[in-house]
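Chain residues, written in single-letter form:
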Amino acid sequence: MNIVLIRPRPSPETIGLQHVMICEPLELEYLSASINDLGHTTTIVDMILERKSLARILQRLQPDLVAITGYITHVLIIKEYCRTTKSLFPNCHTVVGGVHAEVVPEDFQDPAIDFIVRADGIGTFRVVVQALAGGRSPEAGGNIWSPHGPGGRKPMSFKYPFPDREKVARYRSRYYYLFHNPCALIKTSFGCPFTCEFCFCREITGHRYFERDLDGVIAELKTIPQKDVYIVDDNFLVSRDRVTHFCEALQAEKIDKRFLIYGRADFIADNEDVIRLFKSRGLRAVIVGLESCVTGELDAYNKKSDVSANEAAVKILADHQIDCYATLILGIDWQKADFQRLERWLKKLKLTFINLQPFTPLPGTNPYPTYESQLIVPREAFAQWDLAHLVLQPTHMSAAAYYWQIIRLYHCVTLHPRNTLKLIRDHGLRANLRLFMGSLRVTWQYLRKMVGSWRNPNA
């Protein structure tokens, strides 16, 4: 069979990080690797980077099977892609998967979509391919969603071939994350053992957490030529023993990389010695969910951490010259004074990289039913569920005023002269120019939302 694996481009409505980062489609590389031994022709198409239309690409590739993965923001685009596929090749099979399909598979119901994978994406995809190649209907239990079928079986181990990175060789030079360029991805664990109320990641694995064997992780790292490696675990800093063993293995195998990871502030605050060791083995940046500068808000999010841990973590990372990419949740009940308080706190901590997210009760998470009746963005307006749009009406200000506060806060922090000069000194003018142009695009998107919300409160 001719199999085409597609990463969709985001909707113009989505306010996304695609303007400052484009990472390799690791999930598609895993799918490709899982069926390489079956003798089919497999092509990965990255529509974020392609300039040709999907129709033109499909006409060239003549697919028998098209598989697409994406997030909640891609739901309508994925349906459109599948309809395009069926209009050109009525007998072509279409398969949809990804994190949103695993948690809320019913969102993908459409006559143009044949199979929705709701669990064990890699293994289930192989089952689908084998069945279709043999002229059979796939039998994967509840792992293929049906309206009245059983739930899927989410695995607690990961024993699949390494990603087939060669399938994106033609795109490779264009994958980067901020100043990590070029940048490769690796995943070493699944889920998260913590219970933050807002978190979607835990829903993907059914609130369970499991890890890959470190020997396999190290073996995979040896196959990656890129210097910068983004470990895309939901939380790499779970166990000090595992992180220590990882660092020891890097040294023993003489692996020289620069790492970007996700990690909790309280781990960093309590384990400076481990962070120091990891720095010596290549840790370059940590994405830290600070979430708030108010302990009461952290308690409401069930973060199980406090502001002092946030501040200690930021200081430790700065002391060891590790970049801190801070993510923060903006309260729907905030007033102007709350934004000003956050601005003072971020400047006090001398943070440069921030990601501001209005509180968003994502479908499939615990908070969603509580807030469902208060939505100002329709549930089916999938492109706007990007953790950047306001999906709830702010309590104390208009949506337009709220968007303006987001724009102002971004620019007061990220474009502070001290930060700008430091970034140019550390990363050069060219890399900063690309980041600046990407930031301008995001700012323009926010300005459009602000003006639209001012003209129409339901925009």
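Attention in this report is confined to the structure presented alongside it. (Residues numbered from 1 in each chain as written. Predicted model: local features only at pLDDT ≥ 70, side-chain atom pairs only at ≥ 80, totals over all residues. Heavy atoms only, no water.)

### Quick notes on unusual backbone geometry
Keep this limit in mind: Per the convention used, a helix needs a DSSP run of H or I reaching at least four residues, while a strand needs a run of E reaching at least two, with both numbered from the N terminus.
A cis amide bond, omega -5°, links Asn-181 with the succeeding residue Pro-182. The topology assignment puts Pro-182 in the loop between strand S7 (176–177) and strand S8 (183–186). Even without being a glycine, Asp-120 presents a positive backbone phi close to 50°. On the secondary structure map, Asp-120 appears in the loop between strand S6 (115–116) and helix H5 (121–133). One non-glycine residue, Lys-350, lies in positive phi territory at about 60°. If you trace the backbone, Lys-350 turns up in the loop between helix H13 (336–348) and strand S15 (353–358).

### Considering the sheet that holds strand S3 (residues 41–46)
Worth spelling out the cut-off: Between any two strands, at least two bridges found by DSSP are needed for them to pair. Residue contacts are defined here by distance: any two heavy atoms, one from each residue, within 4.5 Å place the two residues in contact. With axes taken as lines fitted to C-alpha atoms, and helix axes fitted only over the stretch in contact, angles between N-to-C directions fall between 0 and 180 degrees.
Taken in spatial order, the five strands make up an open sheet running S3-S1-S4-S5-S6, and their pairing is parallel. Looking at the sheet topology across the chains shown, the edges are occupied by S3 and S6. Summarising the sheet, strand S1 (residues 2–7) and S3 pair through six bridges and their orientation is parallel. Each bridged residue has a counterpart across the sheet, and for Ile-3 the counterpart in S3 is Thr-42. Each of S1, strand S4 (65–69) and strand S5 (93–97) is contacted by helix H3 (residues 75–88), which is oriented at about 170° to S5, the strand it contacts most.

### Some words on the pairing of S5
Here is the rule we go by: Burial status follows relative accessibility: with a 1.4 Å probe on protein chains alone, a residue under 20% of its type maximum counts as buried, one over 50% as exposed, and anything between as partly exposed. When the strands point away from the viewer, a crossover counts as right-handed if the path from the first strand over the helix to the second runs clockwise.
In terms of residue burial, S5 counts as a mostly covered element, since four of its five residues are buried. After leaving S4, the chain enters H3 and then returns to the sheet as S5, a path that is right-handed.

### A closer look at the packing of helix H7 (residues 214–221) against helix H8 (residues 240–252)
Put simply, the rule reads: What sets the label is the angle itself: under 35 degrees gives roughly parallel, over 145 gives roughly antiparallel, 65 to 115 gives roughly perpendicular, and the rest give oblique. Note on convention: the crossing is left-handed when the near helix lies turned anticlockwise from the far helix by less than a right angle, right-handed when the turn is clockwise.
Where H7 meets H8, the axes come as close as 11 Å, and the angle between the chain directions of the two elements is 40°. Put simply, H7 runs oblique to H8. The two elements H7 and H8 cross, and the hand of that crossing is right-handed. Residues Leu-214, Val-217, Ile-218 and Leu-221 of H7 pack against Arg-242, His-245, Phe-246, Ala-249 and Leu-250 of H8.

### Thoughts on the pattern of salt bridges
Pairing of side chains with opposite charge becomes possible as their charged atoms draw close. We count it as follows: A carboxyl oxygen of Asp or Glu within 4 Å of a side-chain nitrogen of Lys or Arg is what we treat as a salt bridge.
Here the structure, examined in full by the defined rule, presents 28 salt bridges. Note that Arg-165 and Glu-29 form a salt bridge whose closest N and O atoms lie 3.9 Å from each other. Of this pair, Arg-165 sits in the loop between H5 and S7 while Glu-29 sits in helix H1 (residues 26–34); the two residues are 136 residues apart in sequence, bridging distant segments of the chain. When sorted by exposure, Arg-165 lands in the same class as Glu-29, which is buried. Linked through salt bridges whose partners overlap, the residues forming this network are Glu-24, Glu-29, Arg-165, Arg-172, Arg-212 and Glu-220.

### Here's the deal with the packing of aromatic side chains
The description of an aromatic ring pair uses the distance of the two centres, along with the angle that the planes make with each other. Short version of the rule: Between rings of Phe, Tyr and Trp, where Trp is taken as its six-membered ring, a pair exists when centres lie within 6.5 Å; planes separated by under 30 degrees are stacked, by over 60 edge-to-face, and by other angles tilted. Counting as a charge over the ring demands two things of the Lys NZ or Arg CZ atom: a distance within 6 Å of the ring centre and an angle within 35 degrees of the ring normal.
Throughout the structure, instances matching the rule amount to 23 aromatic pairs. Plain terms: the ring middles of Tyr-230 and Tyr-262 are 6.0 Å apart, the flat faces sit at 35° to each other, and that makes the pair tilted. With a gap of 32 residues between them, Tyr-230 in strand S11 (residues 228–231) and Tyr-262 in strand S12 (residues 258–263) connect regions that are remote in the sequence. Among the residues examined, Tyr-230 registers a relative accessible area of 5% and is labelled buried. Taking 5.2 Å as the distance between ring centres and 85° as the angle between the ring planes, the aromatic pair formed by Phe-339 and Tyr-402 counts as edge-to-face. Highlighted residues: Phe-339 in helix H13 and Tyr-402 in helix H15 (residues 399–414), separated in sequence by 63 residues. As far as burial versus exposure is concerned, Phe-339 and Tyr-402 are alike and both buried. Each member of the aromatic cluster is reached from another via a ring pair, and the members are Tyr-177, Phe-179, Tyr-230, Tyr-262, Tyr-325 and Phe-353. A cation sits over an aromatic face here: Lys-187 above Phe-190, 5.2 Å from the ring centre. Sitting over the face of the ring of Tyr-176, Arg-434 holds its NZ or CZ atom 3.8 Å from the ring centroid.

### Section: the pairing of S11
Of the two faces of S11, the one holding Asp-228 and Tyr-230 and the one holding Val-229 and Ile-231 are both buried throughout. Examined bridge by bridge, S8 and S11 share four bridges and lie parallel to one another. For Cys-183, the partnering residue across the bridge sits in S11 and is Asp-228. In this sheet, S12 lies alongside S11 in parallel orientation, the contact comprising three bridges.

### Digging into the nonpolar core
We apply this condition: What we call a nonpolar core is a set of buried Ala, Val, Leu, Ile, Met, Phe, Trp, Tyr and Cys residues that are connected through their side-chain atoms within 4.5 Å.
Grouped together as the largest cluster of nonpolar side chains are 156 residues, with contacts concentrated most on Tyr-177, Leu-221, Phe-246, Phe-259 and Leu-342. Sort the elements by how many residues they give to this core and H15 lands first, with nine residues. Not counting the four nearest positions on each side in its chain, Tyr-177 is found in contact with Val-20, Met-21, Cys-23, Cys-183, Tyr-230, Leu-260, Ile-287 and Tyr-325.

### A closer look at the packing of helix H2 (residues 54–61) against H3
Using the following cut-off: Gly is placed with the polar residues, together with every amino acid not listed as nonpolar (Ala, Val, Leu, Ile, Met, Phe, Trp, Tyr, Cys and Pro) or charged (Asp, Glu, Lys and Arg).
Contact geometry of H2 with H3 gives a least axis separation of 10 Å together with a crossing angle of 45°. Taken together, the axes of H2 and H3 lie oblique to each other. Judged by the twist between their axes, the crossing of H2 over H3 is right-handed. Between H2 and H3, the contacting residues are Leu-54, Ala-55, Leu-58 and Gln-59 on the first element and Tyr-81, Thr-84, Thr-85 and Leu-88 on the second. A per-class count over the contact of H2 with H3 returns five nonpolar, three polar and no charged.

### As for the sheet that holds strand S14 (residues 323–330)
Spatially, six strands are ordered S8-S11-S12-S13-S14-S15 in an open sheet, and the strand pairing comes out parallel. Strands with a single pairing partner mark the edges of an open sheet, and in this sheet they are S8 and S15. On average, each strand axis in the sheet is tilted by 20° relative to the strand beside it, whichever way the strands run. In the sheet, S14 pairs with S15 via six bridges, with the strands oriented parallel. Paired with Ile-329 across the bridge in S15 is Gln-357. Its contacts with the sheet place H13 against strand S13 (283–291), S14 and S15, and it is angled at close to 170° to S14.

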